[in-house]
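Residue-level structural notes
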Amino acid sequence: MRDSRTRILFVCLGNICRSPLAEGVFRTLLREQGLEGEFQVDSAGTGSWHNGEPPHPGSVDVAGRHGIDISAQRSRQVRGSERGDFDWWVAMDRSNAQDLQHLGLPEEAVLLLLDFAGPGTPDDVPDPYYEGGFDRTFSLVQAGCQGLLDHLLQ
Ligand code: 4NP
């Protein structure tokens, strides 16, 4: 029988920019609140281009400026065979969520991170891989992670 921890997989496209930030921020929130033992957290990408690579230097930098070290993370691709391995798949944007559903992951368990970020935020975490803006991405991810944790603790 598995333990009772809530298992969360943060998902973006490449698993080098956004979802590594979400994993790092969420882990930090858990540590700050003494909740590390209650959750299992990981991140992955829907694509495989960056398998085995560390996060993007822009993400490592912005996380570091907020006291969060994500440099040891390595990119990996999410697979439909992980269906039983997580309780929640938390997508960074609607395209990621759609890709997860195409992999056969349960629709009701696929969440959008920014649905938890409060009023006035966009639906999708902007992807800084193409246009930069790592600071804005970080603050949206932070708001989403805080809201998601509050929701899961309700
Ligand atoms: P991420 O950003 O999904 O936030 O990790 C991207 C990283 C790499 C690529 C696209 C988005 N890529 O096409 O290689």
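Treat the numbers as computed from the prediction; the structure is a model and nothing was measured.

A word on the site of the ligand. As a structural note, the neighbourhood of the ligand is formed by Cys12, Leu13, Gly14, Asn15, Ile16, Cys17, Arg18, His50, Asp127, Tyr129 and Tyr130. Contact between the ligand and Leu13: an oxygen atom at 2.9 Å from a main-chain N or O atom of the residue. Tallied by class, the residues present in the shell around the ligand amount to six nonpolar, three polar and two charged.

With that settled, consider the pairing of strand β2 (residues 39–45). In terms of residue burial, β2 counts as a mostly covered element, since five of its seven residues are buried. Where strand β1 (residues 6–12) meets β2, seven bridges bridge the pair, whose relative direction is parallel. Each residue of the ladder has a partner; that of Val11, found in β2, is Ala44.

Before going further, it helps to examine unusual backbone geometry. One non-glycine residue with positive phi stands out, namely Asn15, at about 55°. Within the element layout of this structure, Asn15 appears in the loop between β1 and α1 (18–32). A residue is classified by how much of its surface remains accessible, and Asn15, at 2% relative accessible area, is buried.

Criteria and cut-off values
Residues numbered from 1 in each chain as written. Predicted model: local features only at pLDDT ≥ 70, side-chain atom pairs only at ≥ 80, totals over all residues. Heavy atoms only, no water. Near = heavy atom within 4 Å. Polar contact = N/O pair within 3.5 Å; in protein donor to acceptor, adjacent residues only side chain to side chain. Nonpolar A, V, L, I, M, F, W, Y, C, P; charged D, E, K, R; others polar. Buried < 20%, exposed > 50% of the residue type's maximum accessible area, 1.4 Å probe, protein only. Helix = DSSP H or I, 4+ residues; strand = E, 2+ residues; numbered from the N terminus. Pairing = 2+ DSSP bridges.

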